[in-house]
Structures are given as C-alpha cells and as structure tokens.
Amino acid sequence: MDEAEFCRLWHLFQEVIDGNKEYLNSLDAAIGDADHGTNMARGMEKAVAACDQPEGGLRVTAKAIAMAMLSTVGGASGALWGSGLLKFAAAIPEAVACSDREFAGAVDAFVSSIRDRGKANLGDKTMVDVFLPARDRLIAGVEAGEALPAIAEVLAEATAAWALETKDLIALKGRAAYLGERSRGHVDPGAFSSSLWFLSLSRALAERSG
Ligand SMILES: [Mg+2]
C-alpha cells in the first residue's frame, strides 16, 4: 500500500461515515447517546485534512490521523480509534509505501490496542466483533499470498455481515452494557462504523487496478 492509497482510504471513509452519519446516530440512540455518527464525522473531517498535507510517509500520516481522532471524536470511540491508530503508526514503516505483510502487521497492532484498552472479547457487541475476525482473515490472506485488493473485497462483505450480527448480542462492554438484555435487537454502532472502514479499504484498493 502506498501513501496515496492510504489517504484515499481515509477520504473514502470520511465520505461513507458522512453519508451514514444519521444512521449511526440512530443506532447509537437505541443503545447509547445518539452521537456516534456526529462524533465520527467530525473526526473524519479533521483526519482527512491530515492526509492533505505534503507527503510525510505512512507513519507520519497515520499518526496525524490518530491525533485528529483523539482530539475530535471523543467518547470511547475516539480513545479506541485514536490510541489504536497510534499503535498502527508505530508498526507501519516510515516510508511512503509498505508491503501487504507490513500493512497487516499494522492492523494487527491496531486490533491489539483496541482489545487492550477496551477489554472487549469477541461477542461483547463492540467494534472488536468486526476488527478481530477481520484481522485474522487479513493475516491469513496475506500469509496465503492473496492480493490485498482481493482480501479487502472479501472483508468488505464479511465485516458488513459481522456488524449486522451484533444485533442479536447482549452488550457486555461500553455504555450499552448498562442496558443488559435491552441492548439486544440493535446493531452496535461502533461495529457498523468499523465495517465501513473495511468497505473504504476495499474501494481504495479497487482503484489500484481500475
Ligand atoms: Mg455515543
């Protein structure tokens, strides 16, 4: 992945978050405080501005996006995305391009961070329900020699399904956990926005060959 693709990913994520802002707010209204779409959209607006700076390499760009999210998104999502992206930045090369293996390693660092910080396990109805299996599929695909755009295309579809599957779960972490059984029947907003990141990744890489 090169820096242009990396920035394209964030620009596409900003667009799709903005397009789903009200939907994300409505998901959060059911089990939280109705601001997930607004918060993420505000953060993405600042994050893409970080991408529009002169080329500084993948690490510098990822760190700028992390700081933008930490300072603007707020709540649990801001802390999880922001601190996760700082770990992502530390793991990605400083260069203007990285190998698929290095990209997968950086995603792995992101996922380890959100798990350490959020203490969520698979099935707790959080963004981990999307990112953890996606991380595993990404690493397995790279190890098997699959092309990253092809892996991303699979992940776009799979993560959308995993996000929707959180509807049947009872929240065990985050604000929604206070609702207990009443959290069932609603898609987790953090899981849904996470699936949009993989959709954006797929779209960014689809442009590589097309
Ligand atoms: Mg909220």
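Provided above is the structure to which this section pertains.
Each value, and the rule that gives it
- Residues numbered from 1 in each chain as written.
- Predicted model: local features only at pLDDT ≥ 70, side-chain atom pairs only at ≥ 80, totals over all residues.
- Heavy atoms only, no water.
- Phe/Tyr/Trp six-rings, centres within 6.5 Å; stacked < 30°, edge-to-face > 60°.
- Helix = DSSP H or I, 4+ residues; strand = E, 2+ residues; numbered from the N terminus.
- Buried < 20%, exposed > 50% of the residue type's maximum accessible area, 1.4 Å probe, protein only.
- Contact = heavy atoms within 4.5 Å.
- Polar contact = N/O pair within 3.5 Å; in protein donor to acceptor, adjacent residues only side chain to side chain.
- Donors = N, O, S within 2.8 Å, 3.2 Å for Na, K, Ca; no water.

Taken as a whole, this structure holds 14 aromatic pairs when the rule is applied. Judged by centre distance (5.7 Å) and plane angle (10 degrees), the rings of Phe-6 and Phe-88 are stacked. One end of the pair, Phe-6, is in helix α1 (residues 3-19); the other, Phe-88, is in helix α5 (residues 75-91), with 82 residues separating them in the sequence. Neither residue differs from the other here; Phe-6 and Phe-88 are each classed as buried.

A few words on the environment of Ser-183. Residue placement: Ser-183 occurs in the loop between α8 (148-165) and α9 (189-209). On the accessibility criterion, Ser-183 (0% relative accessible area) is buried. Along the chain, Ser-183 and Ala-171 lie 12 residues apart, while their C-alpha atoms are 6.0 Å from each other. If we skip the residues at most four places from it in the chain, Ser-183 touches Ile-31, Lys-125, Leu-169, Ile-170, Ala-171 and Ala-176. Looking at Ser-183, its side chain comes within polar contact range of the main-chain nitrogen of Ala-171, at 2.8 Å.

Looking now at the coordination of the magnesium ion. Within the protein, the magnesium ion binds to Asp-28 (OD), Asp-33 (OD) and Asp-35 (OD); these donor distances fall in the range 2.0 to 2.2 Å. The sequence motif formed by the donor residues of the magnesium ion is D-x4-D-x1-D.

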